[in-house]
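# Fold and geometry: a report
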Amino acid sequence: VYLVVHGSRLKSRAIAGDLSLPLALPVPSGMVFLNEHAREPLVHQVTNVGKDAARLVGIELKQSEVLNAREPISGRGHELKDTYEKVRVYRMELAPGENTGELDIPRSTLIVALSEATVAQTLPGTVTRIASFEPASWQWYEKPEKITFSNDGVSMFEAILFEVL
């Protein structure tokens with residue numbers, strides 16, 4: 001899975017494997033795409049041919065057993081964008097002062113920030129944790145959690161949430 005944190009125009013050339021994009025394509029911030037290349041190794045060169053700096057995060061999904069056979073995460077402040085065989089992808093957006101309400105986060109869940117923000121994370125019966133996010137920073141949830149995310153900052157919090165299935 002690849003997440004575009006800062007978009008630009010990219011070109012990909014396969015050196016080994018079969019993933020090539022011979023044309024320079026615009027890739028916007030927040031774009032998520034999945035490439036299945038488990039049958040053989042993939043070695044490819046990605047070139048930024050745009051005017052702006054590009055930043056991507058690659059996430060390797062190695063788990064083959066189903067971890068989370070359940071309904072998608074529901075609540076405020078996020079939206080299910082895509083479902084693949086191994087992962088569900090959500091976009092999270094919280095304006096300053098907004099919160100998600102309590103979300104039931106399954107095990108093996110990853111949040112990657114697209115923007116700078118100060119976010120409070122509250123788990124029932126515990127002290128609230130404050131996290132300072134910046135683009136491409138991330139948080140991994142290994143075990144299931146009931147958690148409320150609150151934007152305690154002054155700017156919009158945008159992130160992508162990956163629920164490994």
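Predicted model, so just to flag it, every value in this text is computed and none were measured. (Residues numbered from 1 in each chain as written. Predicted model: local features only at pLDDT ≥ 70, side-chain atom pairs only at ≥ 80, totals over all residues. Heavy atoms only, no water.)

### Side note on the nonpolar core
- Counting residues in hydrophobic clusters, the biggest one holds 19 residues, and the most contacted among them are Met-92, Ile-105, Ile-111, Phe-149, Phe-157 and Leu-161.
- Secondary structure elements with two or more residues in this core: strand 8 (87–94), strand 9 (99–105), strand 10 (109–113), strand 11 (117–122), strand 12 (129–133), strand 14 (145–151) and strand 15 (157–164).
- Membership of the second largest hydrophobic core comes to 14 residues, among which are Leu-3, Val-87, Val-89 and Ile-160. (Core = buried A, V, L, I, M, F, W, Y, C linked by side-chain atoms within 4.5 Å. Buried < 20%, exposed > 50% of the residue type's maximum accessible area, 1.4 Å probe, protein only. Helix = DSSP H or I, 4+ residues; strand = E, 2+ residues; numbered from the N terminus.)

### Quick word on the sheet that holds strand 4 (residues 32–33)
- In space, the three strands of this open sheet follow the order 4-1-6, with antiparallel pairing throughout. Of all strands in the sheet, those bounded by a partner on one side alone are strand 4 and strand 6 (55–58).
- Examined bridge by bridge, strand 1 (residues 2–6) and strand 4 share two bridges and lie antiparallel to one another. By the bridge assignment, Tyr-2 is partnered in strand 4 with Phe-33. (Pairing = 2+ DSSP bridges.)

### Topic: the pattern of salt bridges
- If you walk through the whole model with that rule in mind, you get five salt bridges.
- Between Arg-88 and Glu-163 there is a salt bridge, and its shortest N-O distance comes to 3.2 Å. With Arg-88 in strand 8 and Glu-163 in strand 15, the pair connects residues that are 75 residues apart, well separated along the chain.
- By sharing partners, the salt bridges in this structure join Arg-91, Glu-93 and Glu-158 into a single network. (Salt bridge = Lys/Arg side-chain N within 4 Å of Asp/Glu carboxyl O.)

### Side note on the pairing of strand 14
- Of all seven residues that make up strand 14, six are buried, and the element is covered over most of its length.
- Where strand 11 and strand 14 come together, four bridges link them in antiparallel fashion. Residue pairing for strand 14: Gln-121 is matched across the bridge by Phe-149.

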